[in-house]
There are 2 protein chains.
Amino acid sequence: MKTRDRILQTSLQLFNEKGEPHVTTNYIADEMNISPGNLYYHFRNKDEIVYFLFLRYEEQMQAVLEVPKSRSLNMEDMWLFLHLAFECIWQYRFLYRDLDNILGRNKKLRIHFRRLLQRKVQTAIDICKGLAEVGIMEANPEEIEALANNIAVIATYWLNFQGIRHEHPGREEDHLGRGVYQVMILVSPYLRQDMRELLYRLSHDYLD
Amino acid sequence: MKTRDRILQTSLQLFNEKGEPHVTTNYIADEMNISPGNLYYHFRNKDEIVYFLFLRYEEQMQAVLEVPKSRSLNMEDMWLFLHLAFECIWQYRFLYRDLDNILGRNKKLRIHFRRLLQRKVQTAIDICKGLAEVGIMEANPEEIEALANNIAVIATYWLNFQGIRHEHPGREEDHLGRGVYQVMILVSPYLRQDMRELLYRLSHDYLD
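Residues numbered from 1 in each chain as written. Chains lettered and ligands numbered in written order. Predicted model: local features only at pLDDT ≥ 70, side-chain atom pairs only at ≥ 80, totals over all residues. Heavy atoms only, no water.

**Q** Is there a simple way to think about the interface of chain B and chain A in this case?
**A** You'll often see interface size given as the accessible area lost when the parts meet. Tallying the contact residues gives 38 residues for chain B and 38 residues for chain A. Across the chain B/chain A interface, buried area totals approximately 3,700 Å², and carbon plus sulfur atoms make up 54% of it. Across the pair B:Glu143 and A:Arg196 runs a salt bridge whose closest N-O atoms are separated by 3.5 Å. One can count 19 residue pairs in polar contact (both at pLDDT 80 or more) joining chain B with chain A. When residues of the side of chain B that touches chain A are traced back to their parent elements, those giving at least two are α6 (93-97), α7 (99-105), α8 (107-133), α9 (141-165), α10 (172-187) and α11 (193-207) of chain B. Considered class by class, the residues forming the side of chain B that touches chain A number 20 nonpolar, eight polar and ten charged. (Contact = heavy atoms within 4.5 Å. Buried area = accessible area lost by both parts, 1.4 Å probe. Salt bridge = Lys/Arg side-chain N within 4 Å of Asp/Glu carboxyl O. Polar contact = N/O pair within 3.5 Å; in protein donor to acceptor, adjacent residues only side chain to side chain. Helix = DSSP H or I, 4+ residues; strand = E, 2+ residues; numbered from the N terminus. Nonpolar A, V, L, I, M, F, W, Y, C, P; charged D, E, K, R; others polar.)

**Q** Looking at this structure, how should I read the packing of aromatic side chains?
**A** Where two aromatic rings form a pair, the distance of their centres and the angle of their planes describe that pair. All names here are of chain A. Scanning all chains against the criterion turns up 19 aromatic pairs over all chains. Measuring from centroid to centroid gives 5.6 Å for Trp158 and Phe161, while their planes differ by 35°, and the two rings are tilted. Placement of the pair is Trp158 and Phe161 together in helix α9 (residues 141-165), with a separation of three residues, close to one helical turn. For the residue pair Trp158 and Phe161, the accessibility class agrees, reading buried in each case. Chaining the aromatic ring pairs together yields one cluster made of Phe54, Tyr57, Tyr92, Tyr96 and Phe113. Its guanidinium or amino end placed over the ring of Phe52, Arg4 lies 4.7 Å from that ring's centre, counting from NZ or CZ. Here the guanidinium or amino end of Arg93 rests over the ring plane of Trp90, the centre of that ring lying 3.8 Å away. (Phe/Tyr/Trp six-rings, centres within 6.5 Å; stacked < 30°, edge-to-face > 60°. Buried < 20%, exposed > 50% of the residue type's maximum accessible area, 1.4 Å probe, protein only. Lys NZ or Arg CZ within 6 Å of the ring centre and 35° of its normal.)

**Q** Explain the side chain of A:Glu143 here, please?
**A** Relative to the assigned elements, A:Glu143 resides in helix α9. In this structure A:Glu143 comes out as buried when scored by relative accessible area, which is 6%.

**Q** Whenever I open this one, the relation of the copies chain B and chain A confuses me. Can you help?
**A** The operation relating the two chain copies consists of a rotation about an axis and a shift along that axis. Between the two copies, chain B and chain A, the superposition gives an RMSD of 0.0 Å; the rotation angle is 180° and the shift along the axis is 0.0 Å. This pairing of chains is accounted for by a two-fold axis. The position closest to the rotation axis in chain B is occupied by the C-alpha of B:Pro189, lying 3.0 Å away. Taken as a fraction of all interface residues of chain B, those also at the interface in chain A reach 97%, which identifies the copy contact as same-surface. (Least-squares fit on C-alpha atoms with pLDDT ≥ 70 in both.)

**Q** Looking at this model, I keep getting lost on helix α2 (residues 25-32) of chain B. Mind explaining?
**A** Given 3.6 residues per helical turn, the α-helix brings residues three or four places apart onto the same face. Residues and elements named next belong to chain B. Among all positions in α2, only Thr25, Ile28, Ala29 and Met32 are buried. For α2, the angular spread of buried residues about the axis comes to 95°, placing them on one side. In the core, the buried residues of α2 are packed alongside α1 (3-18), α3 (36-42) and α4 (46-64). (Arc of directions from axis to C-beta.)

**Q** What's the story with the pattern of salt bridges in this structure? I'm lost.
**A** Pairs can form between side chains of opposite charge whenever their charged atoms are close. Under the counting rule described, the total for this entry stands at 16 salt bridges over all chains. The structure contains a network of salt bridges with shared partners spanning A:Glu20, A:Lys46, A:Asp47 and A:Arg105.

**Q** I keep staring at the nonpolar core and nothing clicks. Help me out?
**A** Proteins that are soluble and globular tend to have nonpolar side chains buried together. Ranked by size, the top nonpolar core spans 160 residues in total, and within it A:Tyr57, A:Met78, B:Tyr57 and B:Met78 carry the most contacts. The contact partners of B:Met78, leaving out residues within four places of it in the chain, are B:Ile127, B:Cys128, B:Leu131, B:Ile151, B:Met184 and B:Val187. (Core = buried A, V, L, I, M, F, W, Y, C linked by side-chain atoms within 4.5 Å.)

**Q** What is the right way to look at the state of the cysteines in this model?
**A** Note on terminology: a disulfide is the covalent bond linking the sulfur atoms of two cysteines. Scanning all chains against the criterion turns up zero disulfides over all chains. With no disulfide of its own, B:Cys88 has B:Cys128 as its nearest cysteine by sulfur position, at a separation of 20 Å. (Disulfide = S-S within 2.5 Å.)

Here it is as structure tokens:
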């Protein structure tokens, strides 16, 4: 692996484990057994590392947010969308844990993050509309828009909320599954009865 | 007004306007036309000011979270609860705008904030149970618990979400009303049909 990629990979791991504010560029260089000078040859400072990690996150999330257009949507699309979105957030969870802090420091990143958030809301709207068209879901456009916003808020802040709520957060993977569940609970009242039951069964299998 | 109270009031105003990270104790003293020494006579540092402001917020929020026990609940209780809760968050909005940052710096505050968050979830559960008992709402205990958590997440992070989503946030008061609306939308699918219609009407009056 190229040094540049190794720096990004090591940084991502350390940021996720320790929290981005507690990891310095020297710490990263130490962990990799390279000199700080070598690290600075590839990245000007820590914010630049954060920015390039964000670009990877953005690319991955944009792929998740592609709604299939060639066929009608089904429940599995919603499920898969949420699962992949939360998985992607989980991989780059350091961004979310100190979101205000990181976005406050970096204007370019803030603009990208905003665009991505709008994209998420739009994808949630598209999926809900698709499900409404085939009769799986029953909701009017106003409900769908409000629902899509709530989906985006829960998806964005669920890990932070769990972090504040529990003194000993336990396995964070559990929070992730619980996050998908919390979003599904948002959607479920708008589903057709049989789909709602299917959803409950799937949720419980998924959480156990 | 006593100097101590004036310091707290001025700090609250500046924190809300400029963001807590951008306001120093010197800035606060300047604004009040007192010497930094006078300020330090009352508070050791900025974190102590933040802490005492939080205690005021906590006291006010705890009063909001008192669910009436002597009579059965109705829709107006839910509405009033949300309206007062958001109003209280709005008054101390600086806490929420840099929540990770502020809680990360101050362990005592983190513990208090966690307790308050648990209290919020519990109050949401109590209100939903009360509404279910009198037949206004229809939801099983599992749905109520998941719903209460979603209510707490939306109430806690709505302002942050709006702040990230909009480049020019516009009047923040609008975000507040929109926050109440977003929570009501969470609750509405579980309401009896006539109550649901009442809710929609009230929401629109409230937002216009």
